[in-house]
Amino acid sequence: MTKQSKTPAVSMDEIVSLCKRRGFIYQGSEIYGGVAGLYDFGPYGVELLNNIKKAFWRSEVQLRENYVGLDSAMFKDPRVWVASGHVGGFSDPLAECKECHTRIRVDKELGKIGVHADEKMEMQEIIDLFTANAKKIKCPTCKKSTFTEPKKFNLLVKSNLGDFTEQGSEPVYLPGEACQGIYLNYKNVLDTTRLKIPFGIAQIGKAFRNEISPRNFLFRTREFEQADTQYFVPPNQNEKPYQEIKKSRFDWYVEYGINPENLRWNQHTHLVFYAKDAWDIEYNFPSYGFDEIEGVHDRSDYDLSQHMKHSGADLTYTDPKTNEKYIPWIIETSAGLGRMFLAFLSDAYTVETLENGDTRTVLKLHKNLAPIKYAIFPLLKNKPELVKKARDLFRDLSKYHACEFDDNGNIGKRYRRQDEIGTPTCICIDFQTLEDNTVTLRDRDTTQQTRVKIQDLLK
Ligand code: ATP
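Calculation rules
Residues numbered from 1 in each chain as written. Predicted model: local features only at pLDDT ≥ 70, side-chain atom pairs only at ≥ 80, totals over all residues. Heavy atoms only, no water. Helix = DSSP H or I, 4+ residues; strand = E, 2+ residues; numbered from the N terminus. Buried < 20%, exposed > 50% of the residue type's maximum accessible area, 1.4 Å probe, protein only. Contact = heavy atoms within 4.5 Å. Areas by Shrake-Rupley, 256 points an atom, 1.4 Å probe, with all protein chains shown as cover. Lys, Arg positive; Asp, Glu negative; His and termini not counted. Charge placed at Lys NZ, Arg CZ, Asp CG, Glu CD. Near = heavy atom within 4 Å. Polar contact = N/O pair within 3.5 Å; in protein donor to acceptor, adjacent residues only side chain to side chain. Nonpolar A, V, L, I, M, F, W, Y, C, P; charged D, E, K, R; others polar.

**With respect to the overall build of the chain**
Piece 1. Within the chain one finds 15 helices and 23 strands.
Piece 2. When its C-alpha atoms are laid out on the principal axes, the chain stretches across 75 × 65 × 45 Å.
Piece 3. Counting every position in the chain, which comprises 459 residues, the buried fraction comes to 51%.
Piece 4. By sequence separation, contacts in the chain at least 24 residues apart represent 65% of the contacts at least 6 residues apart.
Piece 5. Of the roughly 22100 Å² that the chain leaves accessible, carbon and sulfur atoms contribute 50%.
Piece 6. Across the chain, 64 positive and 65 negative side-chain charges occur, with their mean positions spaced 4 Å apart.

**A few points about unusual backbone geometry**
Negative phi values dominate among residues other than glycine, just as trans dominates among peptide bonds.
Piece 1. The omega torsion of the bond from isoleucine 197 to proline 198 falls at 10°, within 30 degrees of zero and hence cis.
Piece 2. Tracing the backbone through its elements, the reader meets proline 198 in the loop between helix H8 (180-192) and strand S9 (199-208).
Piece 3. Although it is not a glycine, asparagine 323 adopts a positive phi angle of roughly 65°.
Piece 4. Its location among the elements puts asparagine 323 in the loop between strand S14 (317-318) and strand S15 (325-326).
Piece 5. Exposure remark for asparagine 323: the relative accessible area of 59% places this residue in the exposed category.
Piece 6. We note that threonine 447 has phi near 65°; this positive angle belongs to a residue other than glycine.
Piece 7. When you line up the elements, threonine 447 lands in the loop between strand S22 (438-443) and strand S23 (449-453).
Piece 8. When its relative accessible area of 16% is taken as the criterion, threonine 447 is described as buried.

**Some details on the site of the ligand**
Piece 1. Residues in close proximity to the ligand total 19 residues, the closest being Glu211, Arg220, Glu292, Ile293 and Gly336.
Piece 2. Phenylalanine 219 places a main-chain nitrogen or oxygen 3.3 Å from a nitrogen atom of the ligand.
Piece 3. For the ligand, an oxygen atom lies 2.6 Å from a polar atom in the side chain of glutamate 292.
Piece 4. For the ligand, the protein covers 91% of the area, taking 590 Å² as the surface of the free molecule.
Piece 5. Looking at the shell around the ligand, the elements that each hand over two or more residues are strand S10 (223-233), strand S13 (289-298) and strand S16 (329-336).
Piece 6. For the shell around the ligand, a count of residues per class yields 5 nonpolar, 6 polar and 8 charged.

Treat this as a map of the structure, not an account of what it does.
Right, dumping it as structure tokens:
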């Protein structure tokens with residue numbers, strides 16, 4: 001039995017160290033020295049990531065009558081990014097340190113000294129705020145306070161692609177956000193399914209941003225995935241669904257194990273002109289506190305109107321009952337998978353003191369999110385009959401669940417290893433198993449052990 005519960009504050013360094021040690025996350029291109037803002041998901045990381053995606057898809061598509069999924073191509077006609085406003089306006093305000101040339105995100109640095117600024121403000125407003133406060137801001141590298149005037153820096157990542165590049169006219173872009181594919185296909189979905197407005201489309205897709213100062217591990221990266229939903233409603237019928245969607249997205253994090261005290265709402269004070277309302281769900285990230293994990297935005301008809309204007313396609317909807325013709329309004333939710341991953345992992349991270357005074361680190365992940373569901377151990381690796389029995393059980397159980405076979409080291413060490421990756425149940429095959437076909441199940445959270453028949457386990 002354990003005596004203590006959750007550590008009051010896990011640090012980001014502890015999370016990074018666990019992720020590396022246990023094969024959740026590796027630095028991108030590590031053997032070449034690593035590239036800032038890029039990460040690779042290791043064996044347990046990819047399982048946790050996939051389980052988060054499954055949990056999202058289950059709640060947003062599977063359990064809803066009027067939502068469907070989509071997976072659109074990452075490359076798009078470059079005009080998409082002009083229509084969306086990304087070519088013209090998707091930029092961060094940056095200033096450069098005159099001493100050491102480190103570039104800083106002006107809005108974020110102002111935020112750190114308690115001055116509110118965000119990328120949606122007019123540039124002149126940001127320059128004025130920065131000029132008034134520049135002496136209080138220190139360069140993170142050389143600690144001096146001498147900066148150039150802030151400039152806007154476009155975040156879109158350019159690429160090249162067959163026809164477009166050969167024409168030499170326009171660059172193509174990697175997606176700056178995943179949701180554009182939903183707007184482009186909204187009419188296709190209507191025409192090929194039996195859905196009518198109101199309805200929603202969900203998509204999980206990659207996004208790329210030229211973040212100038214990637215930081216805080218998975219929080220701000222240059223390549224990441226977004227899990228989005230777009231809900232299409234008649235004009236001016238946005239308020240009620242917006243409130244419902246807001247609530248359901250907040251509750252989703254709690255349902256999958258996040259302590260509600262570590263979540264909060266933050267309303268945008270500077271709305272872009274077309275937005276009716278915008279809120280962020282924030283999580284209390286280790287070592288630096290509350291910041292955005294997901295945006296829930298009431299966006300009016302802006303996105304579809306823009307694509308209508310730039311493509312010439314008719315994206316209006318005709319109500320089959322009233323014959324009323326309109327451009328639907330959209331309620332959007334958009335969450336970064338990396339930030340979700342960090343939040344679920346940090347919230348589950350627990351250090352406990354055992355009765356013998358030892359400590360154990362345990363990831364108390366929701367069972368559906370745990371990378372491995374069952375770890376199967378033969379008590380001793382040099383007893384072929386125990387090993388065979390454990391392998392047989394692995395073969396049977398792994399048809400239904402992610403399992404791991406482990407015969408390495410003493411049993412206590414094997415339990416510790418599984419605790420650190422959040423495996424809810426360990427199964428031990430011992431000499432009694434050979435006599436009566438029962439095994440020991442050991443519970444991750446209570447460390448309690450129970451004896452069950454293998455047939456009952458497989459049922
Ligand atoms: P921020 O203000 O933190 O830059 P944002 O408001 O630009 O974020 P959105 O464009 O609304 O973010 O993107 C939706 C979600 O995508 C965010 O809530 C976040 O979880 C995720 N996201 C955005 N930028 C990044 C990034 N550079 N790295 C990881 N996740 C990101």
